[in-house]
Amino acid sequence: MNNEIALLTQFLESLGPEVSGHSASPLTEDQIERIREFASGKLGPSERQALLPSILENDTALHTLVKTLQAQA
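This report concerns the structure included in the present document. (Residues numbered from 1 in each chain as written. Predicted model: local features only at pLDDT ≥ 70, side-chain atom pairs only at ≥ 80, totals over all residues. Heavy atoms only, no water.)

1. Observations regarding the overall build of the protein chain
Keep this limit in mind: Helix and strand definitions follow DSSP, with helices as H or I runs of at least four residues and strands as E runs of at least two, each counted in order from the N terminus. Under the scheme applied here, a residue whose accessible area is under 20% of the maximum for its type counts as buried, over 50% as exposed, and between as partly exposed, the area being computed with a 1.4 Å probe on protein chains only. Reported accessibility uses the Shrake-Rupley method at a 1.4 Å probe radius. Residues are deemed covered only where the shown protein chains occlude them.
Within the protein chain, the secondary structure is distributed over 4 helices and 0 strands. In the protein chain, the succession of α and β elements from N to C terminus is α-α-α-α. Taking all 73 residues of the protein chain together, the buried fraction comes to 27%. Looking at the protein chain as shown, the accessible area adds up to about 5000 Å², and 57% of this sits on carbon and sulfur atoms.

2. What about the environment of S23?
Put simply, the rule is: The criterion used for residue contact is that any of the two residues' heavy atoms lie within 4.5 Å.
Position of S23 among the secondary structure elements: in the loop between helix 1 (2-14) and helix 2 (29-39). Along the chain, S23 and L56 lie 33 residues apart, while their C-alpha atoms are 9.5 Å from each other. Every residue in contact with S23, bar those within four places of it in the chain, is listed here: E57, N58, D59 and T60.

3. Here's the deal with helix 3 (residues 45-56)
The condition is simple: Take the number of residues in a helix, subtract one, and multiply by 1.5 Å to get its expected span. Directions pointing from the helix axis toward each C-beta atom define the arc.
Across its 12 residues, helix 3 extends 17 Å between first and last C-alpha, which sits within 8% of the 16 Å expected from 1.5 Å per residue. Listing the buried residues of helix 3 in full gives L51, L52, I55 and L56. One face of helix 3 carries all of its buried residues, which in axial projection span an arc of 130°. Exposed residues on helix 3 whose side chains face more than 90 degrees from its buried face are S46 and A50.

4. What about the side chain of T68?
As for its position among the elements, T68 is in helix 4 (residues 59-72). Of the residues examined, T68 reaches a relative accessible area of 13% and is grouped as buried. Setting aside residues up to four positions removed in sequence, T68 forms contacts with R36 and A39.

Remember, this is a structural readout, not a statement about activity or role.
Here it is in structure tokens:
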């Protein structure tokens, strides 16, 4: 439970102004697919936990996640 709270805290902190200073590296097709699986709930808890930091550290990944979630809505 503490790890989930820590991950949520990390995510919420990333929404502040410092996000613009994060990496905006291009994503591979595999990374994009993993983000799609993350957004659709197809990853298990450990897979989500492993993927989330890389999404939070990369503006491109974060935007890909947001677009994927919006498309599902």
